[in-house]
Amino acid sequence: MKLIYVFDAYCGWSYGFARTMADVAHRHPDLPVEVVSGGLFLGGRRVPIRQFGYVQGANAEITRRTGAPFGESYERLIADGEFVMDSEAAACGMAALREVAPDRAVRLAALLQEAFYLDGLSLSEVSTYRVVAQRAGLDGDAVEAALDRVSAADDFRRARELGVTGYPTLLASLSGERVVTLVAGNASADEVERRIGALVS
């Protein structure tokens, strides 16, 4: 069995789920985890963040249910309203980080989201990936070079093949190519643990 974690770096609920995902990965170091970027803000949804009037209310609910904090720099972005979330750029960045350190993809996804939701850094800027690389102890030059090679297309195609349309989604891939949904939305690590246990019992 392996786990497949489909998230969007600009999805607040994915950010709230990061702690659960980290706990699950820690509890099951023997289970490989494939991290896939989805495309929440593409095409006509790449608009100034003020057009998503639900963001602040959703963030308050995310904090209430998951404990995930939102930083002052991020809050200023929301208040200003001009920032445009681009899931394609974020997915490319995640692909570059994953290429450099594939065995640390879960942690890198969390660090990427912290760069946005705590520090207010744009996931469209190369400098952000250098910050994430430094925090992860990776070679910033290697990550920047990877950014020139990767695209988001493979991730988006993979998410479509898996039938995932909402984030975060955690799947279990079983023998015979059977894929089971463990989480679609929010869940605690204990809830995920019970669901994994039911599959292997």
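Fair warning: this is a prediction, and the values are worked out from it, not measured in the lab.

On to the overall build of the protein, then. For the protein, the count of helices and strands is nine helices and four strands. When the helices and strands of the protein are placed in sequence order, the string is β-α-β-α-α-α-α-α-α-α-β-β-α. In terms of overall size, the protein behaves like a compact globule, its C-alpha atoms giving a radius of gyration of 16 Å where 201 residues would be expected to give roughly 17 Å. Taking the principal axes of its C-alpha atoms as reference, the protein extends roughly 50 × 40 × 30 Å. Here the protein holds 201 residues, and 50% of them are scored as buried. Of the contacts formed within the protein by residues at least 6 apart in sequence, a portion of 74% connects residues at least 24 apart. Taking the average location of the 21 positive side-chain charges in the protein and that of its 27 negative ones, the two points are 5 Å from each other.

Before going further, it helps to examine the packing of helix α4 (residues 87-100) against helix α7 (residues 140-147). Put simply, α4 and α7 touch, their axes get as near as 8 Å, and they point 130 degrees apart. In terms of axis orientation, α4 runs oblique to α7. Crossing handedness for the pair α4 and α7: right-handed. Here Cys92, Gly93, Ala96, Leu97, Glu99 and Val100 of α4 come into contact with α7, specifically with Ala142, Val143, Ala146 and Leu147. For the contact of α4 with α7, the residue count by class is eight nonpolar, one polar and one charged.

How each quantity is defined
- Residues numbered from 1 in each chain as written.
- Predicted model: local features only at pLDDT ≥ 70, side-chain atom pairs only at ≥ 80, totals over all residues.
- Heavy atoms only, no water.
- Helix = DSSP H or I, 4+ residues; strand = E, 2+ residues; numbered from the N terminus.
- Rg over C-alpha atoms; globule rule 2.2 N^0.38 Å.
- Buried < 20%, exposed > 50% of the residue type's maximum accessible area, 1.4 Å probe, protein only.
- Contact = heavy atoms within 4.5 Å.
- Lys, Arg positive; Asp, Glu negative; His and termini not counted.
- Charge placed at Lys NZ, Arg CZ, Asp CG, Glu CD.
- Axes fitted to C-alpha atoms, helices over the stretch in contact; angles between N-to-C directions.
- Parallel < 35°, antiparallel > 145°, perpendicular 65-115°, else oblique.
- Left-handed = near helix turned anticlockwise from the far one by under 90°.
- Nonpolar A, V, L, I, M, F, W, Y, C, P; charged D, E, K, R; others polar.

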